[in-house]
Amino acid sequence: MINHFITKGNYIFKEKGVSPIPMMFRRELDIEKPVKKAEISATALGIYTLLLNGNVVGNQYFAPGFTSYKNTLLYQTYDITELLLSGKNSLFSVVTGGWAVGSFGFTRKNRITAKRQAFAAEITITYEDGTEEVIVTDENWLVSQNGPLKEACIYDGEVYDATVSVKDHVWQIAEKEELKIHPALIRDDRAPVQEVKELSPLSVNQVGEEYIFDFGQNFAGVISFDIIGKEGQKLLFLHSEVLRPDGTLQRDFLRTAKARVEYTCKEGQQSFSPRHTYMGFRYVSVRGLEKEQVDSFCLKAKVLTSATQRNGAFSCDNDKINRLQQNILWGATSNLFEIPTDCPQRDERMGWTGDIAVFAQTACYNFKMEKFLKKWLRDMRSEQKKTGGIPNTIPSQGYGFPETMPTMAVDFWGDACIMVPYALYMAYGDEQVLEENYEMMKAYANACKRWAAFASVGTKRYIWDTFHLLHFGDWVAPDVDNMSQWQKRSPWTATASLYHTTSLLAKIATILHKAEDAKAYDTYSKKVGEAYVKCFTDGEGKLLEEFQTAYVLPIYFGIFDEKTKKKAAANLAELVKKNNYCIGTGFPGTPYILFALADNGFADVAYKMLLNTNCPSWLYEVKMGATTIWERWDGLDEKGNCPIGDDGTDTMISYNHYASGAVGAFFYRRILGLEPLEAGYKTFMVKPILGGDLHEAKGRVDTPFGTISVSWKLGDEFEIQVEVPKETSCELELPDGSKEQLFEGIHKRKINLTEVNYER
Ligand code: BGC
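One structure accompanies this document, and this report is about it. From a predicted model like this one, the values you see are computed outputs, not experimental measurements. Numbering of residues starts from 1 in every chain and runs along the sequence as written. Under the rules for a predicted model, residues below a pLDDT of 70 receive no local features and side-chain atom pairs below 80 are neither given nor counted, while totals for whole chains, interfaces and linings still include all residues. Water and hydrogen atoms were dropped before computing side-chain values, which therefore reflect all heavy atoms in the structure.

1. Some remarks on the overall build of the protein chain
The secondary structure listing takes helices from DSSP runs of H or I that are at least 4 residues long and strands from runs of E that are at least 2 residues long, numbered from the N terminus. Each helix and strand in the protein chain was counted, giving 14 helices and 36 strands. Only C-alpha atoms enter the radius of gyration; for comparison, a globular chain is expected to reach 2.2 Å times N to the power 0.38, where N is the number of residues. For the protein chain, whose C-alpha radius of gyration is 27 Å, the value lies close to the compact-globule estimate of 27 Å for 760 residues. Each residue's exposure class comes from its accessible area (1.4 Å probe, protein chains only) as a fraction of the maximum for that residue type: buried when under 20%, exposed when over 50%, partly exposed otherwise. Taken across its 760 residues, the protein chain has 62% of its residues classed as buried. Contacts were defined at the residue level, with two residues in contact if any of their heavy atoms lie within 4.5 Å. Contacts in the protein chain between residues at least 24 apart in sequence constitute 73% of all its contacts with a sequence separation of at least 6. All accessible areas in this document rest on Shrake-Rupley with a 1.4 Å probe, and a residue is counted as covered only by the protein chains that are shown. Within the structure as shown, the protein chain displays about 28,200 Å² of accessible surface, and the carbon and sulfur contribution to it stands at 49%. Lys and Arg are tallied as positive, Asp and Glu as negative. Neither His nor the chain termini are counted. Where a charge sits is defined by one atom per residue type, namely NZ (Lys), CZ (Arg), CG (Asp) or CD (Glu). If you average the places of the 86 positive and of the 99 negative side-chain charges in the protein chain, the two averages end up 3 Å apart.

2. Topic: the site of the ligand
Working definition: residue near molecule or strand if any one of its non-hydrogen atoms lies within 4 Å of it. As a matter of local geometry, the ligand sits amid D342, R346, E348, W352, D355, W413, F472, W475, F587, E631, M652 and H657. D355 is positioned such that a nitrogen or oxygen atom in its side chain is 2.5 Å from an oxygen atom of the ligand. A distance of 2.9 Å is found between an oxygen atom of the ligand and a side-chain nitrogen or oxygen belonging to W413. Residue polarity is assigned by list, with Asp, Glu, Lys and Arg as charged and Ala, Val, Leu, Ile, Met, Phe, Trp, Tyr, Cys and Pro as nonpolar; anything else, Gly included, falls into the polar class. Partitioned by chemical class, the residues of the shell around the ligand number 6 nonpolar, 1 polar and 5 charged. Here a polar contact means two N or O atoms within 3.5 Å. Within protein one must be a hydrogen donor candidate and the other an acceptor candidate, and residues neighboring in sequence count only if both atoms are side-chain atoms.

3. Describing empty space enclosed by the protein
The way it works is a 1 Å grid over only the protein atoms, where trapped points that fit a 1.4 Å probe form a cavity and open points with protein on both sides within 12 Å along at least five of seven lines form a pocket, and then any residue with an atom within 4 Å of a point lines it. Grid points are joined across faces, edges and corners, and a volume is the space filled by probe spheres set on the points. Tallying each qualifying case throughout the model produces 4 cavities of 30 Å³ or more. The space that makes up the largest cavity amounts to roughly 80 Å³. Surrounding the largest cavity, I47, Y48, T49, L50, V56, V57, Q60, Y61, F62, A63, Y78 and R275 form its lining. Counting residues per element, the lining of the largest cavity draws most heavily on strand β4 (residues 47-52), at 4 residues.

4. Thoughts on the packing of aromatic side chains
Each pair of aromatic rings is reported with the distance of its centres and the angle of its planes. Only the six-membered ring of Trp is used, alongside the rings of Phe and Tyr, when aromatic pairs are assigned; centres must lie within 6.5 Å, and planes under 30 degrees apart are stacked while those over 60 apart are edge-to-face, with the rest tilted. Applying the stated criterion across every chain, the model contains 55 aromatic pairs. Aromatic pair W413 and W475: ring centres 6.4 Å apart, planes at 80 degrees, arrangement edge-to-face. Of this pair, W413 sits in the loop between α3 (370-383) and α4 (416-428) while W475 is found in the loop between α5 (432-453) and α6 (483-488), placing the two residues 62 residues apart along the sequence. When sorted by exposure, W413 lands in the same class as W475, which is buried. Residues W492 and F547 carry aromatic rings whose centres are separated by 5.3 Å and whose planes lie at 75 degrees to one another, so their mutual orientation is edge-to-face. With W492 in helix α7 (residues 490-511) and F547 in the loop between α8 (515-536) and α9 (548-557), this pair connects stretches of sequence that are 55 residues apart. This pair shows no difference in class: W492 is buried, exactly as F547 is. Site record: aromatic cluster; members linked through ring pairs are Y61, F62, F66, Y69, W99, F104, Y155, Y278 and F337. A ring has a charge above it when a Lys NZ or an Arg CZ is no more than 6 Å from the ring centre and no more than 35 degrees off the ring normal. If you follow R349 out to its NZ or CZ, it ends over the ring of Y278, 5.0 Å from the centre.

5. A word on the pattern of salt bridges
Pairing between side chains becomes possible if they bear opposite charge and their charged atoms approach one another. By definition, a salt bridge exists where a carboxyl oxygen of Asp or Glu is found within 4 Å of a side-chain nitrogen of Lys or Arg. Applying the stated criterion to the full structure yields 44 salt bridges. With a closest N to O distance of 3.3 Å, E195 and K302 form a salt bridge. Note that E195 is positioned in strand β16 (residues 194-199) and K302 in strand β25 (residues 298-305), a separation of 107 residues in sequence. Residue E195 is classed as partly exposed on the basis of its relative accessible area, which comes to 35%.

6. Re the sheet that holds strand β36 (residues 745-752)
Pairs of strands are assigned from DSSP output, requiring at least two bridges between the strands. The sheet built from 5 strands is open, its strands ordered β26-β31-β32-β33-β36 with antiparallel pairing. Among the strands making up the open sheet, the edge pair consists of β26 (312-316) and β36. Averaged over all adjacent pairs, the angle separating strand axes in this sheet is 5 degrees, with direction ignored. Angles run from 0 to 180 degrees between N-to-C directions of axes, and those axes are lines fitted to C-alpha atoms, restricted for helices to the stretch in contact. Along the sheet, helix α14 (residues 664-672) makes contact with β26, β31 (696-703) and β32 (706-714), crossing β31 at roughly 115 degrees.

7. Considering the environment of G389
Structurally, G389 can be placed in the loop between α3 and α4. In this structure, the C-alpha to C-alpha distance between G389 and C417, residues 28 residues apart in sequence, is 9.9 Å.

8. Structural notes on the pairing of strand β18 (residues 210-229)
Within a regular strand, the side chains alternate between the two sheet faces. Of all 20 residues in β18, 18 are buried, a share of seventy percent or more. Examined bridge by bridge, strand β17 (residues 203-207) and β18 share 5 bridges and lie antiparallel to one another. In the strand pairing of β18, Q206 is matched with Y211. Bridge analysis of β18 against strand β24 (residues 279-287) gives 7 bridges, and the strand direction is antiparallel. Across the sheet, residue F213 finds its bridge partner in β24, namely V284. Across 6 bridges, β18 lies against β25 in antiparallel orientation.

9. Here's the deal with the sheet that holds β4
Here we have 6 strands laid out as an open sheet, ordered β5-β4-β7-β2-β10-β13, and antiparallel in their pairing. One side of each edge strand has no neighbouring strand; the edge strands of this open sheet are β5 (55-56) and β13 (172-173). Alignment of β4 against β5, held across 2 bridges, turns out to be antiparallel. Across the sheet, the residue bridging to L52 is N55, located in β5.

10. Some thoughts on a negative patch on the surface
A contiguous patch of negative charge on the surface is contributed by D317, D319, D693 and E696. Tracing the chain through its elements places D319 in helix α1 (residues 319-335). According to the relative accessible area criterion, D319 is exposed, its value standing at 63%. Patches here: salt-bridge-free residues with over 30% relative accessible area, like charges joined within 9 Å, nonpolar side chains (Val, Leu, Ile, Met, Phe, Trp, Tyr) joined within 5 Å.

As structure tokens, then:
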């Protein structure tokens, strides 16, 4: 049991808005007999890195991981047999504030979980002679706070002084720490952040005193560099996602995040890369370099992420769509980072629930998400409010903003507790994820129902329109220009969400053989659907107040009957045409708008919208050179300036937010045509929707049964190849409407298509 926490007993950390001074723990180990096996288990409140005889132990970043600390603290176990020397060994652990003690959340609170860092470890050495030695963290460890790492903070970066050597440390005896929390200690079951790629800069430009390096790609990670330095020489590295038109770094939108590395050189050859912070960036400016050092100076970047394993791939013969797919992948790698975050650069990087609620399905197509999201859902379960509400960020623990929403039943954001498990279930077929989360889903849905019914009578009991300000509504919809207008759309988004979550819950209850629940949620959701139709439409598929999201949600979620749905889709198509095929949806409508059109006879409109390069649209971002997905559709104007003024969001402009990349599911499900009919693709559909002048598409998805691959080509003929794994079956529907069922094997089909059939 690793629960012997130690700390620097006389360290009183009181400063506001910053992270604590890093601590360094030290233990000498004498190995006098041949070792058969040695392991170290460790955890911390804060972030720790272990160094044994100068070697970093393990290859993960940010151990012990970001969890809901008061409920769960992870520990890691490393095999150190190979790193141990016979005789003297030095073990160090650098412990920084991280999320538990450091400044985090845009209110820059610190000491959320503990008043200072604490570290616990247990070393088990099994000798060849069969004896065993166990060493735990106790007063035989030393601690110091004047090592080379002077500052480390998730948002602010690191300050490192390489002139400090071990002999400069003032060591004192570590003391036992009493924690104010009592979390369950669980062996690490997360998807740890690891380095997945090293990037080299594409160009370097000197602007005044600074050298600006362009890595050609926006991403989350850290720099690394080699330099022949001069004793005391100071280097400053600043990070940014975009440049200003004058070629300097645009850092205004980082808000309070300093996103910098300050490094003081020792004499001679040296290298450095931070391990206790990360940044979202494409550009790095370096100050303090001397002219003659420039040639030998080597700057690189490490791409870090928890999404280390791909689950699928998609490409087609349109380069812009392929770039968009790449941007979706980069947006995901940058934000699937310990927890599903909103963005990797500014003073936020929090587990915003709404973002992953809408992106989960796309994430599951592209990456193996089970470990990562299951661990996050555990945190969500433990942080659910007694009212049934779900905090808007998980982990929440008082990191700021979410506390302004006391009941936490917030449409789409809280819906993550149902949408995320369901996306996992459909992608990987594991019923356990539904079971594990079922009580949470029910409690949340019941909270939503209560709020909808609050102070209303009759049909209005099913319209969720209480307190606009406690919802996010049509968040970042580009057809209105400020936050309060997005929020005013919450009666539509919240009511549609209530329909969606309760009807999904009815399905989930059926899967889990809870017939009574299934019936109750089904009956309830129908009432909500009827109320939406009655209160917001003319009963004939026309919204009384028209905006894209107000159509998309009822069409996609199945609120309308078939006939009304077609009419509503036609009205939506008209609205889209009037808007010159530009997007008008916020987070809630964006993932579904192309489906709402393409599935109801308007594939041509869907493709025009997808291929549109005018602002706002997905490909406008691509045209503007985006390498990730932007938070705001109009994040840059054609001249490269940011046109967004004071819209009530406190300059909320990020160039790396995955939410609107949720369109990625359309690539797999409609362009490729591949989607599961039964969880885990036990049965699946392949039914490509042609259009948009696409002549080729190909892709694959890994399933528990094996890989499904699909590729099609449209020339004089339409040709398709589908690989069906064993124990599964595929319902193939070709663009001429012909259908057949396929079983294990590789199948090729060819048809003559005189005209592309949009009506399916
Ligand atoms: C975040 C979003 C999040 C939103 C909630 C923002 O600051 O970056 O992505 O969902 O707040 O309103």
